[in-house]
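Structural overview for review
In case you want the letters, here they are:
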Amino acid sequence: MSDTGRISSSSSTSKDGMDLEKATSKPELINEAQALEDMNDNVPRDKFAKLWSIVMFLDKYGVEARGIERVPPDQRTQTSPLAPFWMWLAANMTISTFAIGVLAQSIFFLGLKEAALTIIFFNLLCTLPVAYFSTWGAKLGLRQLTLSRFSFGYATAQLPIVLNCIACVGWSIVNSIVGAQTLRAVSTSHQIPTAAGIVVIAILTIVVSFMGYRVVHLYEQYSWIPVVIIFFIYLGQIARFTESDFGGSGSVEAGNVLSFGATVAGFALGWTSLAADYTVRMPEDMSSYKIFFWTYLGLNTPLILVEILGAAAMTTFVQKPTWEDAYNGNSVGGLLGAGLAGPMGGFGSFLLVLLALSIVANNIPNMYSLALTFQNLHPYAQAIPRIVIVIIGSVIYIVLAIVGASHFEEWLDTLLVILSYWLAIFSTILIEEHLIFRKGKWSNYVPGDFNNWRKLPLGVASFLALGCGVAGAILGMAQVWYVGVIGRMIGDPEFGGDIGFEMAFAFTAVTYPPLRYLEKSWWGY
């Protein structure tokens, strides 16, 4: 019997898993919301009966009702292996990705060659776990943070759950700010208020995230097309003005390369905590190699090319000082506007509006996955309909984005690096648990046990390993507000070089296996 076959049969041996399967796998149950209501999974949906009545109504019109509940094998209708490619191509073919490249010169003072090599290396490395985790969604039918319970245990999993909620909101904030800045750059005389731009982007994000999985994939399948055309036009406008020899030298530059690498890593690793969310409706017999390959290609194509484009744009200031003024006035939006609206007039302004709205493709997975992450906190959180959490989360990030609009680059760099620290720890624990303790076999998981803390790891091993990983990150980090002992030894003694995510990975990788072995010997799971 294949591993996928054993998953289905083993899940039915669990009472919770069996009830879940019975409640949701009958072909005649077309109304997904009603199927969720009928589940015997100890989730108190009756406490939010009025909200669920709205969900049942919307379900008739294609709004996804399912949250973190497992998608049964016979309801996996997404049969194209290209789906992850389009998903991640669109989500990263945005001005947020461009903004990462901009940081190479504005924060780390790297030349184009150094920036390009750093971008290529760290993206190729740090998208590996994203592509790997994408294969898990199809095999187990569970969302990414739900899957983390099989490694972290029910209680300790609360830590990555909370951190991912913060990350989803944080990303939505910085994305909305850069989108609003770009909308402001459309005109120098009649500029749209930053707050208005943020609200416009948020509303468009809500519409798609609200509808759910199928509409998210449908939107992402096509939204990248105008964006890639505009980026090629922008490349044509700036190519003759770029410089490649700017940058430092020696140990100082080495420190800056590592620090910029941590920033690039934070952006790439940022998708690890969401990856499986977008493959749960793919058949469990879909080739893992195909899912991995198309996800990996879909991530790296835009990440590498658009980040390098952003780094290249920052080298044009020697020949185009007016573009530097535009950047100083409207940050990333001003830089894009200088290359489009400036030389191309009204048509360039139109292209800039489309480019600003590309941010929606990046915000959608953040808001969609925020709701799924939040539902993992507690059965009461799971009982709140997904669509309600999407709306509440959107209101929160709109307010915070308006307040923080004047601190974009500082927020972006800090968020990215902190993300690289904890996501290195998160990825290491999940991968080691799967390969070492579950022997890489899907038959060693009982998907229906995701809500049963007694059938999950105790969580002590993951908690201690996480603490060791944090200690490693502190030793290796190099931020404006703190430089670690080891980080200070690299590059400029004042600013150091950031190897926090590498240290976090190493400390976690070394400590988790022996701790988990002891825990499993005593606890049994």
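First things first, this report covers the structure right here in the doc. Just so we're clear, the structure is a prediction, and the values are computed from it rather than from any experiment.

1. A few points about the overall build of the chain
Helices and strands together make up the secondary structure of the chain, namely 22 helices and zero strands. Scaling as 2.2 N^0.38, a compact globule of 525 residues should have a C-alpha radius of gyration of about 24 Å, and the chain matches this with 23 Å. Along the longest, intermediate and shortest principal axes, the C-alpha atoms of the chain span 70 × 50 × 40 Å. Taking the intrachain contacts of the chain between residues at least 6 apart in sequence as the baseline, contacts between residues at least 24 apart amount to 84%. In the form shown here, the chain has an accessible surface area of approximately 19500 Å², with 70% of it arising from carbon and sulfur atoms. Across the chain, 30 positive and 36 negative side-chain charges occur, with their mean positions spaced 10 Å apart.

2. Brief notes about helix 21 (residues 460-476)
For helix 21, spanning 17 residues, the distance from its first C-alpha to its last is 25 Å, which sits close to the expected 24 Å at 1.5 Å a residue. Of the positions making up helix 21, those classed as buried are Ala461, Ser462, Ala465, Leu466, Gly469, Gly472, Ala473 and Gly476. Buried residues along helix 21 cover an arc of 125° about the axis, so they all sit on one side.

3. Describing the state of the cysteines
Taken as a whole, this structure holds zero disulfides when the rule is applied. Free cysteine: cysteine 126, not disulfide-bonded; nearest cysteine sulfur from cysteine 168 at 18 Å. Here cysteine 126 falls in the buried class, since its relative accessible area comes to 3%. Counting only cysteine sulfurs, cysteine 165 is the nearest neighbor of cysteine 168, a cysteine outside any disulfide, at a range of 6.7 Å.

4. Structural notes on the nonpolar core
Formed by 131 residues in total, the largest nonpolar core has its most connected members in Phe98, Phe231, Tyr234, Phe260, Leu335 and Phe501. If we ignore the near neighbours within four places in the chain, the residues touching phenylalanine 98 are Phe231, Tyr234, Val306, Leu309, Gly310, Ala313, Val332, Leu335 and Leu336. Ala33, Met39, Trp52 and Val55 belong to the second largest nonpolar core, which has 15 residues in total.

5. Let's talk about the side chain of glutamate 64
Mapped onto the elements, glutamate 64 comes out in the loop between helix 4 (49-59) and helix 5 (83-92). The exposure class of glutamate 64 is buried, given its relative accessible area of 5%. Within the structure, the side chain of glutamate 64 is placed 3.1 Å from the side chain of arginine 143, a separation counted as a polar contact. Residues within four places of glutamate 64 in sequence aside, it is in contact with Glu32, Arg143, Met211, Gly212, Tyr213, Arg281, Tyr368, Arg386 and Ile387.

6. A look at the packing of helix 7 (residues 112-126) against helix 8 (residues 128-140)
At a minimum axis separation of 4 Å, helix 7 and helix 8 run at an interaxial angle of 25°. Classified by the angle between their axes, helix 7 and helix 8 sit roughly parallel to one another. Listed contacts from helix 8 to Leu124, Leu125 and Cys126 of helix 7 are Leu128, Pro129 and Val130. Among the residues making up the contact of helix 7 with helix 8, the classes are represented as six nonpolar, no polar and no charged.

7. A short note on the pattern of salt bridges
Where charged atoms from two side chains of opposite charge approach closely, those side chains can pair. According to the stated counting rule, one finds ten salt bridges in the structure shown. As a salt-bridge pair, arginine 66 and glutamate 32 come within 3.0 Å of each other at their nearest N and O atoms. With a gap of 34 residues between them, arginine 66 in the loop between helix 4 and helix 5 and glutamate 32 in helix 3 (residues 32-37) connect regions that are remote in the sequence. Across the pair, exposure class does not vary: arginine 66 and glutamate 32 are buried alike. One salt bridge connects arginine 143 with glutamate 64, and the closest N-O pair in it is separated by 3.1 Å. Of this pair, arginine 143 sits in the loop between helix 8 and helix 9 (144-147) while glutamate 64 sits in the loop between helix 4 and helix 5, placing them 79 residues apart in sequence. Here arginine 143 matches glutamate 64 in class, with each residue buried. Connected through shared salt-bridge partners, Glu32, Glu64, Arg66, Arg143, Arg281 and Arg386 make up one network.

8. Observations regarding unusual backbone geometry
Its identity is not glycine, yet asparagine 42 carries a phi of approximately 60°, on the positive side. We classify asparagine 42 as exposed; its relative accessible area is 61%. Phi is positive for serine 331, close to 55°, though the residue is something other than glycine. On the basis of relative accessible area, serine 331 is assigned to the buried category, the value being 13%.

The rules behind these values
- For every chain, the first residue of its written sequence is number 1, and the numbers climb from 1 along that sequence.
- Per-residue local features are limited, in this predicted model, to residues with pLDDT of at least 70; the limit for side-chain atom pairs, both in listing and counting, is 80 or more; totals at the level of whole chains, interfaces and linings are taken over all residues.
- Neither water nor hydrogens contribute to the side-chain values; these are computed over all heavy atoms in the structure.
- Secondary structure elements are taken from DSSP: a helix is a run of H or I of four residues or more, a strand is a run of E of two residues or more, and numbering for both begins at the N terminus.
- With C-alpha atoms as the basis for the radius of gyration, the globule rule is written as 2.2 Å multiplied by the number of residues raised to the power 0.38.
- What makes two residues a contact is simply this: any of their non-hydrogen atoms within 4.5 Å.
- Under the convention used here, a 1.4 Å probe and the Shrake-Rupley method define accessible areas, while residue burial counts only the protein chains that appear.
- Residues scored as positive are Lys and Arg, those scored as negative are Asp and Glu, and His as well as the terminal groups of each chain are ignored.
- One atom stands in for each charge, and that atom is NZ of Lys, CZ of Arg, CG of Asp or CD of Glu.
- Multiply 1.5 Å by the residue count of a helix minus one, and that product is the helix's expected span.
- Think of it in three bands: residues with accessible area under 20% of the maximum for their type are buried, residues over 50% are exposed, and the middle band is partly exposed, with areas taken using a 1.4 Å probe on protein chains only.
- Note: the arc covers the axis-to-C-beta directions of the helix.
- Only a pair of cysteine sulfur atoms within 2.5 Å counts as a disulfide in this structure description.
- Only buried residues count toward a nonpolar core. Its members are Ala, Val, Leu, Ile, Met, Phe, Trp, Tyr and Cys residues joined through side-chain atoms within 4.5 Å.
- Polar contact criterion, stated in full: a pair of N or O atoms within 3.5 Å, where within protein one must be able to donate a hydrogen and the other to accept it, and residues adjacent in sequence count only if both atoms are side-chain atoms.
- Angles here are taken between N-to-C directions and fall from 0 to 180 degrees, while the axes themselves are lines fitted to C-alpha atoms, restricted in helices to the stretch in contact.
- An angle below 35 degrees is read as roughly parallel, one above 145 as roughly antiparallel, one from 65 to 115 as roughly perpendicular, and any other as oblique.
- In this classification, the charged set is Asp, Glu, Lys and Arg, the nonpolar set is Ala, Val, Leu, Ile, Met, Phe, Trp, Tyr, Cys and Pro, and all remaining amino acids, among them Gly, are polar.
- For this document, the term salt bridge refers to a Lys or Arg side-chain nitrogen within 4 Å of an Asp or Glu carboxyl oxygen.

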